[in-house]
Amino acid sequence: MGSNGSKPLVMILGGGFAGIGAAQGLKHADADVVLVDGHDYHTFQPLIYQVATDLLAPSVVGHPIRDLFHEQPNVAVHQATAEKLDLESRQVQFAEMEPITYDQLVLAMGARVNFFGVEGAQEHAFPMYTLPDAMRIREHVLAKWQASDRDPRLVDDGALNVVIVGGGPTGVESAGAMAELYRANFAKDYPQIPQEKARLILVEGSASLFSMFKPRLQKYAKDALEKRGVEVLLGEVVQSVTPTRVTLKSGTELEAHTLVWGAGLQAHPLAASLGLDLQKGDRIPVGPDLSVAGHPEVFAVGDIAWITDTGTEEVLPQLGSVALQSGEHAGENIARMIEGKKPKPFVYKDKGTMATIGRGAAVVQFHGGRTMTGKKASLAWGAVHLALLAKGEDRAKAVVEWTWAGFTHERSGRITVHTDEE
Ligand SMILES: Cc1cc2nc3c(=O)[nH]c(=O)nc-3n(C[C@H](O)[C@H](O)[C@H](O)COP(=O)(O)OP(=O)(O)OC[C@H]3O[C@@H](n4cnc5c(N)ncnc54)[C@H](O)[C@@H]3O)c2cc1C
């Protein structure tokens, strides 16, 4: 497969924020845009912990990729997994379809969880990164409560305890959401099981949560979690994991049948196969126009890329808004190049860094250093994240589900449906 010869073929690998942004940036380009993703849905990652804790249905957080391009006839979508890239011959090979030769390429495959070689983590930890990850956590935790109900001895063995690793946004948001599920919902579902025997423990290696935020916000987050019944262990590092125990480097052994991993990322493994000089976490360094050194026809955007903001000269974090904006910019630059114009340097529009801890508890830090906490911050978080959702109908669904849960404290998805039964 390849371009039909009359128009350049722009290949986008990945349909996350970055890939979707790139395709949208090419909306008016005279090109054949081919977007390939291993899944047939776009994942709204910032809300997957709400799927893991039953607040949102998977269909709010995963949206069919094809549906996003009904109004953009220059985009063709394929569900396939890129397995091999050759930047010299400009060819991509896939697991499930014929190779495609491109004229321009956008690398937007995101990142993978990094277990940092912790013993047993690969086999026994539950990463919080993809939609299937979130659904696995949800099913596993529900199963532990059902099993403990049938056999109360499991409670004393730590079946209901959850250790969450990582004091960044993923870990803190997961711990806060898990606390609301436990203390508000499971407390009523299983009144015979004392909540003190269902411990939630957040483990962070450094001396504070939320290293990217000001100390005031770090303290706010710790207090808010503790108020919700989460134990926060700072300066502790996980050394090994088994299905029922988590051992810390300090020697402490925690009885817990669930370890949620929210601690680190590594760029997609294909990045390391390209023969490029990579940055920390195997991220692909890009120039001001987001192209890869020595390959003006190849762009890297989102979590897979090491992007230096031309406005501040700072390396941008792996965030949804960075992915969406860098993707759009790369798409627009390719469109410019196709028209014979020069690409433009990328400048990130920072709307503030934010994270939510639970109902009415969130933190926001704006670029100039101003901070916000509590309900106001929660509303700001909601507004910024709703704007990132792919379509108006997803926004509506999320608002309805959040509002419903906000009024009723109800998480309606606490059921297990086995597809393998009669
Ligand atoms: C739990 C959690 C909470 C977060 N919270 C926030 C937040 O509050 N705010 C914020 O701004 N950011 C947040 N982030 C970060 C944000 O979600 C990421 O920065 C963003 O999703 C990166 O977008 P991306 O398009 O680069 O990668 P991804 O979203 O990971 O998309 C990559 C896509 O590539 C596809 N793909 C991968 N490999 C292949 C292959 N070989 N072939 C074909 N397709 C492939 C994948 O299926 C996927 O669809 C959070 C992340 C997590 C995990």
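As the structure is a computational prediction, the values presented were derived from the model and not from experiment. (Residues numbered from 1 in each chain as written. Predicted model: local features only at pLDDT ≥ 70, side-chain atom pairs only at ≥ 80, totals over all residues. Heavy atoms only, no water.)

Asks: How do you make sense of the overall build of the protein when you look at a structure like this?
Replies: Counting its secondary structure elements, the protein contains eleven helices and 26 strands. For the protein, whose C-alpha radius of gyration is 22 Å, the value lies close to the compact-globule estimate of 22 Å for 422 residues. Each of the three principal axes of the protein carries a C-alpha extent, and together these read 70 × 55 × 45 Å. When the 422 residues of the protein are sorted by exposure, 53% land in the buried category. Across the protein, contacts joining residues at least 24 apart in sequence account for 64% of those joining residues at least 6 apart. Summed over all atoms, the accessible surface of the protein reaches about 19100 Å², with 52% contributed by carbon and sulfur. Across the protein, 40 positive and 51 negative side-chain charges occur, with their mean positions spaced 8 Å apart. (Helix = DSSP H or I, 4+ residues; strand = E, 2+ residues; numbered from the N terminus. Rg over C-alpha atoms; globule rule 2.2 N^0.38 Å. Buried < 20%, exposed > 50% of the residue type's maximum accessible area, 1.4 Å probe, protein only. Contact = heavy atoms within 4.5 Å. Areas by Shrake-Rupley, 256 points an atom, 1.4 Å probe, with all protein chains shown as cover. Lys, Arg positive; Asp, Glu negative; His and termini not counted. Charge placed at Lys NZ, Arg CZ, Asp CG, Glu CD.)

Asks: Can you help me understand the packing of aromatic side chains in this one?
Replies: Any aromatic ring pair is given by two values, namely how distant the centres are and how the planes are angled relative to each other. Using the criterion set out here, one finds eight aromatic pairs in the structure. Plain terms: the ring middles of Phe 17 and Phe 44 are 5.5 Å apart, the flat faces sit at 85° to each other, and that makes the pair edge-to-face. Placement of Phe 17 in helix α1 (residues 17-25) and of Phe 44 in the loop between β3 (41-43) and α2 (48-52) is noted, with a sequence separation of 27 residues between them. Ring geometry for Phe 210 versus Phe 213: centroids 4.9 Å apart, planes at 75°, classification edge-to-face. Residue Phe 210 shares its accessibility class with Phe 213, and that shared class is buried. (Phe/Tyr/Trp six-rings, centres within 6.5 Å; stacked < 30°, edge-to-face > 60°.)

Asks: It is not clear to me how the sheet that holds strand β8 (residues 100-101) should be interpreted in this structure. Could you clarify?
Replies: Hydrogen bonds along the backbone pair up the strands of a sheet, which may run parallel or antiparallel. Within the open sheet, the three strands sit side by side as β6-β7-β8. Their pairing is antiparallel. Edge positions in the open sheet fall to β6 (82-86) and β8, since each of these has one partner strand only. (Pairing = 2+ DSSP bridges.)

Asks: Would you mind showing me how to read the pattern of salt bridges here?
Replies: Pairing is possible between side chains that carry opposite charge, provided their charged atoms lie close to one another. Summed over the entire model, instances satisfying the criterion amount to 13 salt bridges. When the shortest N-O distance is used, the salt bridge between Glu 180 and Arg 228 registers 3.6 Å. Taken as a pair, Glu 180 in helix α7 (residues 169-189) and Arg 228 in the loop between α8 (215-227) and β14 (230-234) lie far apart in primary sequence, 48 residues in all. Arg 228 gets classed as buried once you look at its relative accessible area, which sits at 18%. Because the salt bridges share partners, they merge into one network encompassing Asp 157, Arg 245 and Glu 253. (Salt bridge = Lys/Arg side-chain N within 4 Å of Asp/Glu carboxyl O.)

Asks: Explain the packing of helix α5 (residues 131-150) against α7 to me, please; I cannot follow it from the model alone.
Replies: Describing two packed helices takes the angle between their axes plus the distance from one axis to the other. It is the contact of α5 with α7, at a shortest axis distance of 13 Å, that shows an interaxial angle of 35°. As for how α5 packs across α7, the hand of that crossing is right-handed. On the side of α5, the interface is formed by Ile 137, Val 141, Leu 142 and Trp 145, while α7 contributes Met 178, Tyr 182 and Phe 186. When grouped by side-chain class, the residues that make up the contact of α5 with α7 number seven nonpolar, no polar and no charged. (Axes fitted to C-alpha atoms, helices over the stretch in contact; angles between N-to-C directions. Left-handed = near helix turned anticlockwise from the far one by under 90°. Nonpolar A, V, L, I, M, F, W, Y, C, P; charged D, E, K, R; others polar.)

Asks: I would appreciate a short explanation of the packing of α1 against helix α9 (residues 320-338) in the present structure.
Replies: Where α1 meets α9, the axes come as close as 6 Å, and the angle between the chain directions of the two elements is 30°. Taken together, the axes of α1 and α9 lie roughly parallel to each other. By crossing handedness, the relation of α1 to α9 is classed as right-handed. Every residue of α9 that contacts α1 at Phe 17, Ala 18, Gly 21, Ala 22, Gln 24 and Gly 25 is listed here: Gly 320, Ala 323, Leu 324, Gly 327, Glu 328, Gly 331, Glu 332 and Ala 335. Here the contact of α1 with α9 is composed, by residue class, of six nonpolar, six polar and two charged. (Parallel < 35°, antiparallel > 145°, perpendicular 65-115°, else oblique.)

Asks: It is not clear to me how the pairing of strand β25 (residues 361-365) should be interpreted in this structure. Could you clarify?
Replies: Both faces of the sheet carry side chains from a regular strand, because those side chains alternate between them. Within β25, five of the five residues are buried, which leaves it mostly tucked inside the rest of the structure. Because side chains alternate across β25, one face comprises the buried residues Ala 361, Val 363 and Gln 365, and the other comprises Ala 362 and Val 364, equally buried. Of the pairings in the sheet, the one linking strand β24 (residues 353-358) to β25 comprises five bridges and is antiparallel in character. Within β25, the residue paired with Thr 353 across the bridge is Gln 365. Where β24 hands over to β25, the hairpin turn is made up of two residues, of which Gly 360 adopts a positive phi near 70°.

Asks: Can you help me understand the site of the ligand in this one?
Replies: For the ligand, the set of nearby residues contains 30 residues, the closest of which are Asp 37, Gln 45, Asp 303, Gly 320 and His 385. Between the ligand and Gln 45 there is a distance of 2.7 Å, counted from an oxygen atom to a side-chain nitrogen or oxygen. Protein chains bury 92% of the 1000 Å² of accessible surface belonging to the ligand in isolation. With three residues, α9 is the largest single contributor of residues to the shell around the ligand. (Near = heavy atom within 4 Å. Polar contact = N/O pair within 3.5 Å; in protein donor to acceptor, adjacent residues only side chain to side chain.)

Asks: What is the right way to read unusual backbone geometry from this model?
Replies: Excluding glycine, residues mostly have negative phi values, and the peptide bonds linking residues are mostly trans. Within the chain, Asp 54 stands out as a residue other than glycine whose phi angle is a positive 70°. For Phe 116, which is not glycine, the phi dihedral falls at a positive 50°. Tracing the chain through its elements places Phe 116 in the loop between β10 (111-113) and α4 (121-124).

Asks: Teacher, can you tell me more about the sheet that holds strand β18 (residues 258-261) here?
Replies: Taken together, five strands build an open sheet; the order of strands is β11-β18-β12-β13-β14 and the sheet is parallel. Where the open sheet ends on each side, the last strands, each with one partner, are β11 (126-127) and β14. Taken together, the four bridges between strand β12 (residues 162-165) and β18 define a ladder with parallel strand orientation. Note that in β18 the partner of Val 165 across the bridge is Trp 261.

Asks: When you look at the environment of Val 286 in this model, what are you seeing that I'm missing?
Replies: By the secondary structure assignment, Val 286 is in the loop between β20 (284-285) and β21 (291-292). With 146 residues separating them in the primary sequence, Val 286 and His 140 have C-alpha atoms 40 Å apart. Those residues in contact with Val 286, other than ones at most four positions away along the chain, are Ser 291, Val 292, Ala 300, Trp 306 and Ile 307.

Asks: I tried to follow α8 on my own but got confused; where do I start?
Replies: Because an α-helix completes one turn every 3.6 residues, residues spaced three or four positions apart along the sequence face the same direction. Relative to the 18 Å expected for 13 residues at 1.5 Å per residue, α8 spans 18 Å between its end C-alpha atoms, a close match to the ideal helical length. Within α8 the residues assigned to the buried category are Leu 217, Gln 218, Ala 221, Ala 224 and Leu 225. All buried residues of α8 project into a common sector of 135° when viewed along the axis, lining one side. The outward face of α8, more than 90 degrees from its buried face, is lined by the exposed residues Pro 215, Lys 219 and Lys 227. Structurally, α8 contributes buried residues whose contacts are with α7, β13 (200-204), β14, β24, β25 and β26 (371-373). (Expected span 1.5 Å × (residues − 1). Arc of directions from axis to C-beta.)

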